[in-house]
Amino acid sequence: MTEKFIPLTDYRNRNNIPEIPSVLEAPSGLLSDTLKRPLRDLRISVTDHCNFRCVYCMPKEMFDKDYAFLPHSALLSFEEITRLAAIFIRHGVEKIRLTGGEPLLRKNIERLIGMLSSLRTPDGRELDLTLTTNGSLLAKKARLLKDAGLKRVTVSLDALDDATFKRMNDVDFPVTDVLAGIDAAHQAGLGPIKINMVVKRGMNEQEILPMARHFKGSPYILRLIEYMDVGASNGWKMDEVIPSAEVVRRIHAELPVQQVAPNYPGETAGRWRYQDGGGEIGVISSVTQAFCHDCNRARLSTEGKLYTCLFAGAGHDFRALLRGNRSDSEISSAVAQIWRVRNDRYSELRSANTSDLPTAIRKVEMSYIGG
Ligand code: SAM
Ligand code: SF4
Ligand code: SF4
């Protein structure tokens, strides 16, 4: 009998404990990587669980009942997250975004928000503290989040047509409940609210104009995102990407828009304003116009691994340092050492098809690292 072995690797198990430099250094807020990019933005994934199974992120076939989600003991505690966040802030981080998985599924998330919102930059400023959510629990939690100190939210919504939206979230979740969540967030003062729509050819492209019409003139900013080759499970193909330039052309044909300057250097979305004063839209061209040259973002996974790129194959295990009784000064010096040698620019180097990538750079899943 011939036996067939299928080698299984779990990208989350690649371990990489950061080295503590022999000479410790005080953070200056002026860290810069090999491409002269500062560290300003930290995304923290607070859970790898989600109540949706979006086809482009957590396809049901892979994230099924047998999928090994992380045990609770593996997750960073709120105290551990806050301690690391404070260290990153001393290195220059000004913006923190909570994500996941679905961040509102993390029990008592408002307690973490309360802890993070009390942190200040070295010159005494409040953080830009925000969260990305699928909106399903927002109607229930918006007020609680605002009271805890959250500044604003970004809500993902891929279609207004119920059948299309349900096909994309793959758990039969209705559009109306997400719209109610967006309204509740607005009422609670969690603005300006951005609405993220991932555009996938052949899936929801017919929803581009209905979404633009719906959010035009509203307090919400629609952002159309190119479908990305994150993770290794979504079977990404270049021809399923609708380039942002085409999205803008389609909108412009009915609702004329003109380009406007970015709000700040490193802004990921290209801004377009309706010529009749109906507000603006954003387009995120992660595939066709990589913005690696300005990328000042670090990501912390649910179990405390630091990733210096959304497409990195391995993270640096800061949980091991936190739980290994290392001092703030040691952990801070380890962060500095990692950022200084950072040279990631995956999107600029990407291949046209995930299956062409060597396995050594197979990537972590978006639901684990946080989008
Ligand atoms: N569950 C939350 C949500 O959906 O908003 C937060 C986590 S989700 C991973 C963060 C963002 O990543 C969402 O706006 C989602 O649409 C986006 N995203 C996930 N997979 C993507 C992909 N393959 N290409 C582009 N964006 C993606
Ligand atoms: Fe869940 Fe967000 Fe991924 Fe959809 S995009 S499966 S809501 S984590
Ligand atoms: Fe940043 Fe990596 Fe995305 Fe480039 S590919 S923008 S370096 S996260």
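If you're wondering where the values come from, they're calculated on a predicted model, not measured in any experiment.

## So, the site of ligand 1
Neighbouring ligand 1 are 20 residues, the closest being Gly101, Thr133, Ser156, Met228 and Met366. In the model, a nitrogen atom of ligand 1 is placed 3.0 Å from a nitrogen or oxygen of the glycine 101 main chain. Look at ligand 1: alone it shows 540 Å² of surface, and the protein chains cover 95% of it. Its residues placed into classes, the shell around ligand 1 shows eight nonpolar, ten polar and two charged.

## Remarks on the pairing of strand E9 (residues 280-284)
For a regular strand, the rule is simple: side chains alternate between the two faces of the sheet. When you tally the buried positions in E9, you get five out of five residues, the bulk of the element. In E9, alternate side chains face the same way, and those of Glu280, Gly282 and Ile284 on one face and Ile281 and Val283 on the other are all buried. Inspection of the sheet shows strand E6 (residues 221-226) paired to E9 by four bridges, in the parallel sense. If you follow leucine 222 over to E9, its bridge partner there is isoleucine 281. Pairing geometry for strand E8 (residues 270-274) and E9, over four bridges, is antiparallel.

## Some remarks on helix H6 (residues 208-215)
Looking at H6, one finds that the buried residues are Ile208, Met211, Ala212 and Phe215. The buried side chains of H6 occupy one side of the element, clustering within an arc of 100° when seen end-on. Where H6 is buried, its residues meet helix H5 (175-188), strand E5 (194-199), E6, helix H7 (244-254) and E8. Trailing H6 by a residue or two, glycine 217 shows a phi angle of about 80°, which is positive.

## Topic: the site of ligand 2
In the vicinity of ligand 2, the contacting residues are Cys50, Phe52, Cys54, Cys57, Met58, Gly101 and Asn134. Considered class by class, the residues forming the shell around ligand 2 number five nonpolar, two polar and no charged.

## Points about unusual backbone geometry
Along the chain, glycine 191 connects to proline 192 via a cis peptide bond; the corresponding omega equals 0°. Here proline 192 shows up in the loop between H5 and E5. Phi angles above zero are rare outside glycine, and asparagine 325 is one such case at about 60°. Counting through the fold element by element, asparagine 325 comes out in the loop between helix H8 (318-322) and helix H9 (328-340).

## Some remarks on the confidence of the model for the chain
Residue-level pLDDT values for the chain average 91, and 91% of them are 70 or greater. Scored below 50 in pLDDT, residues 351-362 shows 22 contacts in the model against residues more than four places distant or in partner chains.

## Remarks on the pattern of salt bridges
By the definition in use, this model includes 29 salt bridges. The partner of arginine 125 in a salt bridge is glutamate 94, and the shortest N-O contact between them spans 3.4 Å. Here the residue arginine 125 occupies a position in the loop between helix H2 (109-117) and strand E3 (128-133), and glutamate 94 occupies one in the loop between helix H1 (78-90) and strand E2 (95-99), the gap between them amounting to 31 residues. Glutamate 126 is the salt-bridge partner of lysine 151, the closest N and O atoms lying 2.5 Å from each other. Of this pair, lysine 151 sits in the loop between helix H3 (138-148) and strand E4 (152-156) while glutamate 126 sits in the loop between H2 and E3, placing them 25 residues apart in sequence. By relative accessible area, lysine 151 is classed as partly exposed at 32%.

## A few points about the environment of glutamate 205
With respect to the helices and strands, the residue glutamate 205 is situated in the loop between E5 and H6. When the C-alpha positions of glutamate 205 and threonine 288 are compared, they lie 17 Å apart, and in sequence the two are 83 residues distant. Excluding its chain neighbours within four sequence positions, the residues that come into contact with glutamate 205 are Val199, Lys200, Ile242 and Arg250.

## A look at the packing of aromatic side chains
Inspection of the entire model under this criterion finds six aromatic pairs. On the numbers, 4.8 Å between centres and 70° between planes, the contact of tyrosine 67 with phenylalanine 69 is edge-to-face. The residues tyrosine 67 and phenylalanine 69 share a single accessibility class, namely buried. Between phenylalanine 215 and tyrosine 220, the ring centres sit 6.2 Å apart and the planes meet at 75°, which makes this aromatic pair edge-to-face. For the pair phenylalanine 215 and tyrosine 220, a shared accessibility class is recorded, and that class is buried. By the ring-pair criterion, three or more aromatic residues cluster together here, those being Phe52, Phe165 and Phe173. Over the aromatic face of tyrosine 274 sits the side chain of lysine 216, whose NZ or CZ is 5.3 Å from the ring centroid.

About the thresholds
Residues numbered from 1 in each chain as written. Chains lettered and ligands numbered in written order. Predicted model: local features only at pLDDT ≥ 70, side-chain atom pairs only at ≥ 80, totals over all residues. Heavy atoms only, no water. Near = heavy atom within 4 Å. Polar contact = N/O pair within 3.5 Å; in protein donor to acceptor, adjacent residues only side chain to side chain. Areas by Shrake-Rupley, 256 points an atom, 1.4 Å probe, with all protein chains shown as cover. Nonpolar A, V, L, I, M, F, W, Y, C, P; charged D, E, K, R; others polar. Buried < 20%, exposed > 50% of the residue type's maximum accessible area, 1.4 Å probe, protein only. Helix = DSSP H or I, 4+ residues; strand = E, 2+ residues; numbered from the N terminus. Pairing = 2+ DSSP bridges. Arc of directions from axis to C-beta. Contact = heavy atoms within 4.5 Å. pLDDT = per-residue confidence, 0-100. Salt bridge = Lys/Arg side-chain N within 4 Å of Asp/Glu carboxyl O. Phe/Tyr/Trp six-rings, centres within 6.5 Å; stacked < 30°, edge-to-face > 60°. Lys NZ or Arg CZ within 6 Å of the ring centre and 35° of its normal.

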